[in-house]
Amino acid sequence: MNVSSQTQPIHPEPPLHGVERLKSQKEPQNRILKWVVLGCLYLALFAQTHMGCTGASLQENPGFEAIAESGQDKDPNNAEVSRESTLPDSPNEEPSTEPRSRVEPGVEAPGSGKEATADRANQEQAGPQEASNEPTPEAGTAEEPVGSEPHPPEGSPDATSATGCSPLPSWTYKAGATYWGRKNYIQYLAGDLPLILSAPHGGTIKPSEIPARTYGTTVLDTGSHQLSLEVAHEIYRLTGKRPHLIICRLSRTRLDANRDIKEAAQGNPWAEQAWKEFHSFIDAAKQWVTQQCKHGHYFDLHTHGHSTAWAELGYRLSSKELTLSDAALNSSSQYASKSSIKHLASRSPLKFAALLRGTTSFGGILENGQYQAVPSPKNPDSGGKSYFNGGYNTERHGSKLGGVVDGTQIESASSILGTGSKRRPYAAALAQSMIRYLETHYGFSLLLPKPVPPPAHSKCVNAKLMSFTSGKVVIQGSTWGALNEYGTKVSCSHTSGFAGGQVYYKFPLKAGSSYTFALQPTFPSRLYLFGDTCNETSIQSQCKTSGIEGALVATQSTFTRTIQPKQSGAYTLAVDSLQEAWYGTFTLTVTENP
């Protein structure tokens, strides 16, 4: 992708010959004409550079008036935000001034007032617990991965013009790279779309340094972590770009990232820091969307255990308010003003009720994807059934409190998210609905003519041939969009085999020489080494004796293994995700030892 070094476009001067021609006229009527011409030129240039995101590919909707916005979202308390974390790694250590990670710890947003606590009692529903086989992350500091790969990865299209969002040359984060809070409790996959996703309640990590919370809801949102990754992956496949994705990997028994900091962390300094990192990553994503795209949307992903298996869409309106007629909802601005889509309501030609539950509302679009939703044309209100109307995150990060990023909480049925066979088609429907929603209401053009093809070297026969330079090979790789070529047929005696998307590399190794393989992934992964054949039986037998037989590599840790080949020849190395829902970037270093 060609990244422009220009900052926000400026307005060029009108053609000189036209200006000189006007100046040569002395009559009063021509002076008036001069200003009319200049005004028209200015308005045309203003519309070209400011309506929606910058770029010629902006999709204008008939009758849709796009209002230019400037500036960035501010913290609700207008507090300054520090770029470094000063909390020590343990309560007994001295505070450190060295940045632990690229995060911007924020301050607590308003959450104790009547508006923030409205319907709080109706916000949570106990759901089934779910075990996770995700590797426990390594302890210690969590730095930005050394091998974060520049966007786009190999094989992906140059989709700069797909949205018209201009890249920020000085942006702290790199699209496609993964960033971490302290001890990997919070994960941020930086994006380049006017779309932000978060999953606050799907984590499973229970560190001893953070005791269990003593009050508040603590149940796991089944499958929401996996759903967020699968939605992001499908969006990438359809647009060639990535949404911003923020995940809390802490168990909800330790931190509730969808509550104000007092209830969320209950006084523990490490939980408080994780809470600040979670919301600061969202704030950073909102800043990017605000500055580069002028507006966008935030979706907070949750799971409900209610009897009706529909998607409950929360806009900060109560279930009682949803029972109002369209005329009542449209008769006063109070309902739009208190909603998390306040900004969209202020700039759309549609009435508020249409945005809330009309055919082009998010619920209406999702229903076209064969999934029920409330509110929507078919289900304008919950009909007296349980309904989540949006919580702290929707309140804080939607546009109710200001800004140009609207927000929606999506509560998906646990019966859908509990199994991958049901979750994956639902994730695809959510991704498609989000894309269509942004194109319909925000004037973006996102869909590519064809989905992003998988990288060529995600097939074994197309393994990328690598050569040693000064005895070393360094690969900045990615499994974004990679195929799951063998399913689970190749396991090398492990209980879980090739379970996610793989990419393959081929190395010329010499018998008797010693080689060290080092992998640092941003996702749970396995590493396989075998010979120069792509037959399943050969891979099974060869990887068992290679010395790297499906080695498990935890998120953000560094795996190192030294081998000594018995025969000279070409060897194939596969980097594989531990589960289909997991993917990301990695650094792979192969060193020929002297």
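The present account deals with the structure reproduced in this document.

As for the packing of aromatic side chains
And step 1. Under the criterion given, the structure shown has 20 aromatic pairs.
And step 2. Between phenylalanine 362 and tyrosine 437 the ring centres are 5.6 Å apart and the planes differ by 90 degrees, which places this aromatic pair in the edge-to-face class. Within this pair, whereas phenylalanine 362 is found in helix H13 (residues 362-368), its partner tyrosine 437 is found in helix H16 (residues 420-442), the two being separated by 75 residues in sequence.
And step 3. Relative accessible area serves as the criterion here: at 0%, phenylalanine 362 is assigned to the buried category.
And step 4. Ring geometry for tyrosine 505 and phenylalanine 586: centres 6.5 Å apart, planes at 80 degrees, overall edge-to-face. Taken together, the residues span a long stretch of sequence, with tyrosine 505 in strand E11 (residues 502-509) and phenylalanine 586 in strand E17 (residues 585-593) at a distance of 81 residues. With respect to class, tyrosine 505 is no different from phenylalanine 586; both count as buried.
And step 5. Following the ring pairs from residue to residue traces out a cluster consisting of Phe299, Phe362, Tyr437, Tyr442 and Phe444.
And step 6. The ring of tryptophan 310 carries the charged tip of lysine 385 above its face, separated from the ring centre by 5.7 Å.

What to know about the sheet that holds strand E4 (residues 244-248)
And step 1. Taken together, eight strands build an open sheet; the order of strands is E1-E2-E4-E3-E5-E8-E6-E7 and the sheet is mixed. A single partner strand is all that each edge strand has here, and the edge strands are strand E1 (178-180) and strand E7 (373-374).
And step 2. Where strand E2 (residues 186-189) lies against E4, four bridges are found, and the strand directions are antiparallel. Paired with isoleucine 186 across the bridge in E4 is cysteine 248.
And step 3. Contacting E2, strand E3 (195-199), E4, strand E5 (296-304) and strand E8 (405-413), helix H5 (residues 224-239) crosses the sheet at an angle of about 160 degrees to E3.
And step 4. Seen against the sheet, helix H7 (residues 269-293) touches E1, E2, E3, E4, E5 and E8 and runs at an angle of roughly 175 degrees to E4.

So, the state of the cysteines
And step 1. Inspection of every chain in the model, using the stated rule, returns two disulfides.
And step 2. The disulfide partner of cysteine 460 is cysteine 534, and the S-S distance across this bridge is 2.0 Å. Measuring handedness by torsion sign, the sulfur bridge of cysteine 460 and cysteine 534 sits at about -80 degrees and is left-handed. Separated by 74 residues along the polypeptide, cysteine 460 in the loop between H16 and strand E9 (464-465) and cysteine 534 in the loop between strand E13 (525-530) and helix H17 (536-546) bring together distant segments of the chain.
And step 3. Note on cysteine 460: relative accessible area 1%, which makes it buried.
And step 4. Each disulfide pairs two cysteine sulfurs, and for cysteine 492 the partner residue is cysteine 543, the sulfurs being separated by 1.5 Å. Between cysteine 492 and cysteine 543, the disulfide has an S-S torsion of -120 degrees and is therefore left-handed. Remark: cysteine 543 occurs in helix H17 and cysteine 492 occurs in the loop between strand E10 (472-478) and E11; sequence separation between them is 51 residues.
And step 5. Residue classification places cysteine 492 among the buried positions, given a relative accessible area of 0%.
And step 6. Residue cysteine 543 is classed as buried on the basis of its relative accessible area, which comes to 0%.

Considerations on H17
And step 1. Of the positions making up H17, those classed as buried are Ile539, Gln540, Cys543 and Ser546. The arc that holds every buried residue of H17, seen down its axis, measures 140 degrees, which confines them to one face. The exposed set on the far side of H17, more than 90 degrees from its buried face, consists of Thr537 and Thr545.
And step 2. On its buried face, H17 sits against E13, strand E14 (549-553) and strand E15 (559-563).
And step 3. N-capping of H17 is provided by asparagine 535, with a side-chain oxygen placed 2.8 Å from the backbone N of threonine 537.
And step 4. A positive phi of about 100 degrees marks glycine 547, the residue just after H17.

A few points about unusual backbone geometry
And step 1. The linkage connecting valine 374 with the following residue, proline 375, adopts the cis geometry, with an omega of 0 degrees.
And step 2. Assignment of secondary structure puts proline 375 in the loop between E7 and helix H14 (392-397).
And step 3. A positive phi angle, near 55 degrees, is found at lysine 183, a position not held by glycine.
And step 4. Its place among the elements puts lysine 183 in the loop between E1 and E2.
And step 5. Given the relative accessible area of 18%, lysine 183 is considered buried.
And step 6. The phi angle at glutamine 266 is positive, at roughly 50 degrees, despite the residue not being glycine.
And step 7. As for its placement among the helices and strands, glutamine 266 is situated in the loop between helix H6 (261-265) and H7.

What counts and how
Residues numbered from 1 in each chain as written. Predicted model: local features only at pLDDT ≥ 70, side-chain atom pairs only at ≥ 80, totals over all residues. Heavy atoms only, no water. Phe/Tyr/Trp six-rings, centres within 6.5 Å; stacked < 30°, edge-to-face > 60°. Helix = DSSP H or I, 4+ residues; strand = E, 2+ residues; numbered from the N terminus. Buried < 20%, exposed > 50% of the residue type's maximum accessible area, 1.4 Å probe, protein only. Lys NZ or Arg CZ within 6 Å of the ring centre and 35° of its normal. Pairing = 2+ DSSP bridges. Contact = heavy atoms within 4.5 Å. Axes fitted to C-alpha atoms, helices over the stretch in contact; angles between N-to-C directions. Disulfide = S-S within 2.5 Å. Arc of directions from axis to C-beta. Polar contact = N/O pair within 3.5 Å; in protein donor to acceptor, adjacent residues only side chain to side chain.

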